[in-house]
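Residue strings, one per chain:
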Amino acid sequence: MQLTPEQIDAYRRDGFLVFPDLVAPAEVAVLRDEVERLWDVEAEGTVREGARRAPKSMFRLHEADGANASAPFRALSRSPRVLGVAQQLLGADDLYLHHSKVNVKAAIEGSVWPWHQDFGAWNLDGIERPDMATYMVMLDDATELSGCLYMLPGSHRWGRTEAYLDTSTAYRLWSVRHDELIRRMRESPPPVAVTGRAGTCAIFHCNLMHASGHNLSMGDRWQAYFCFNTCANRPVDVANPRPDYVRSRNWAPMQPMPDAAVLAAAAPVLAD
Ligand SMILES: O=C(O)CCC(=O)C(=O)O
């Protein structure tokens, strides 16, 4: 998938792009089956929350091995729509995934993701340059009520803002000091709600300020994320590195797969 010069300009200006309905309903169905298959798997890379103990995040879907390995998610991450777009925006062919995940924001119980820049954590992981971007795929309709993402347009141009560890939710997150955030937001265009139908995608710069609210709706809000880095920007060694599922040590360049590989990777339906 070739981005237009206008899309590339918009990414540089705003720090994100949205692609409505990019993943077909049949592919979304395959990916949703995968989330259901992995739901009860007790994996190191699954963080749960709420009375239902629903996954807040299921990590490491894109690798060929491991408890949460998923062939359809692996194929999607390597498709021209995903890997190809990341290659164009990061200006490099050799990319790897720092991590992948599905965030299941469960009906009523799925909680907030405070305002943050992804690079706040990834810089602490030992990655030196903000040559990174996150690709998001909606696996069901995302609304403001169900806790869609919000982006603060242009905030990636602030550079990295000092982060603190917010421990208020099931997934500890490097967030932004509230006084600093309010000061910056007063000078910024208003946040954009990234709503859309299942299959809508977005890509955003690793310094883009983003957040999402509690899911107040009666339905879950499932979204997949692929966090790309250039192989040349792989992390340097740090003391006490985070686990592999969130700070990958597989720095081999990803090999592209065709778009059709997502459906081809679906588990076969067995006859009675
Ligand atoms: O899934 C969400 O609502 C937010 C996820 C997010 O911001 C992140 O993983 O960095």
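Residues numbered from 1 in each chain as written. Predicted model: local features only at pLDDT ≥ 70, side-chain atom pairs only at ≥ 80, totals over all residues.

**Some thoughts on the overall build of the protein chain**
When helices and strands are counted, the protein chain shows 7 helices and 13 strands. For a compact globule of 272 residues, the expected C-alpha radius of gyration is about 19 Å, and the protein chain comes in at 17 Å, within 12% of that figure. Reported as C-alpha extents along the three principal axes, the dimensions of the protein chain are approximately 60 × 45 × 40 Å. Classification of the 272 residues of the protein chain by burial places 44% in the buried group. (Helix = DSSP H or I, 4+ residues; strand = E, 2+ residues; numbered from the N terminus. Rg over C-alpha atoms; globule rule 2.2 N^0.38 Å. Buried ≥ 20, exposed ≤ 12 C-beta atoms within 10 Å, placed from the backbone.)

**Things to note about the nonpolar core**
Ala86, Ala133, Tyr135, Leu139, Ile203 and Phe228 are the most contacted members of the largest nonpolar core, which has 64 residues in total. Ignoring sequence-local partners within four residues, the contact set of alanine 86 consists of Leu95, Ala133, Tyr135, Ile203 and Phe228. (Core = buried A, V, L, I, M, F, W, Y, C linked by C-beta atoms within 7 Å. Contact = placed C-beta atoms within 7 Å.)

**A closer look at the site of the ligand**
What surrounds the ligand is the set Asn103, Lys105, Trp113, Asp118, Gly147, Leu149, His210, Ser212, Gln223 and Tyr225. Put simply, the parts of the chain that give the shell around the ligand at least two residues each are strand S4 (95-105), strand S12 (210-212) and strand S13 (221-230). (Near = placed C-beta within 6 Å.)

**Overview of the sheet that holds strand S6 (residues 132-138)**
Backbone hydrogen bonds hold the strands of a sheet together, and the pairing may be parallel or antiparallel. Ordered by their spatial adjacency, 7 strands build an open sheet running S1-S11-S6-S13-S4-S3-S2, and the pairing between neighbours is antiparallel. The open sheet has two edge strands, strand S1 (16-19) and strand S2 (46-49), and neither has a second partner. On average, each strand axis in the sheet is tilted by 15° relative to the strand beside it, whichever way the strands run. Here S6 runs beside S13; their pairing, made up of 7 bridges, is antiparallel. The residue of S13 that forms the bridge with methionine 136 is tyrosine 225. (Pairing = 2+ DSSP bridges. Axes fitted to C-alpha atoms, helices over the stretch in contact; angles between N-to-C directions.)

**Description of the sheet that holds S12**
The strand order across the open sheet built from 4 strands is S5-S12-S7-S10, with neighbouring strands paired in antiparallel fashion. Each of the sheet's edge strands pairs with one partner strand only, and the pair in question is strand S5 (113-116) and strand S10 (192-194). Each strand axis lies, on average, 25° off the axis of its neighbour in the sheet, ignoring direction.

**Regarding unusual backbone geometry**
One non-glycine residue, arginine 60, adopts positive backbone phi at about 60°. Inspection of the secondary structure assignment puts arginine 60 in the loop between strand S3 (54-59) and helix H3 (71-77). We classify arginine 60 as buried; it has 26 C-beta atoms within 10 Å. In this structure, isoleucine 108 takes a positive phi of about 65° despite not being glycine. Examined against the element boundaries, isoleucine 108 turns out to sit in the loop between S4 and S5.

**Examining helix H4 (residues 80-90)**
Among all positions of H4, only Val82, Leu83, Val85, Ala86, Leu89 and Leu90 are buried. With its buried residues spanning 165° around the axis, H4 presents them on a single face. Check the buried side of H4 and you find it contacts helix H1 (5-14), H3, S4, S6, strand S11 (201-205) and S13. Phi turns positive one or two residues past the end of H4, at glycine 91, with a value near 65°. (Arc of directions from axis to C-beta.)

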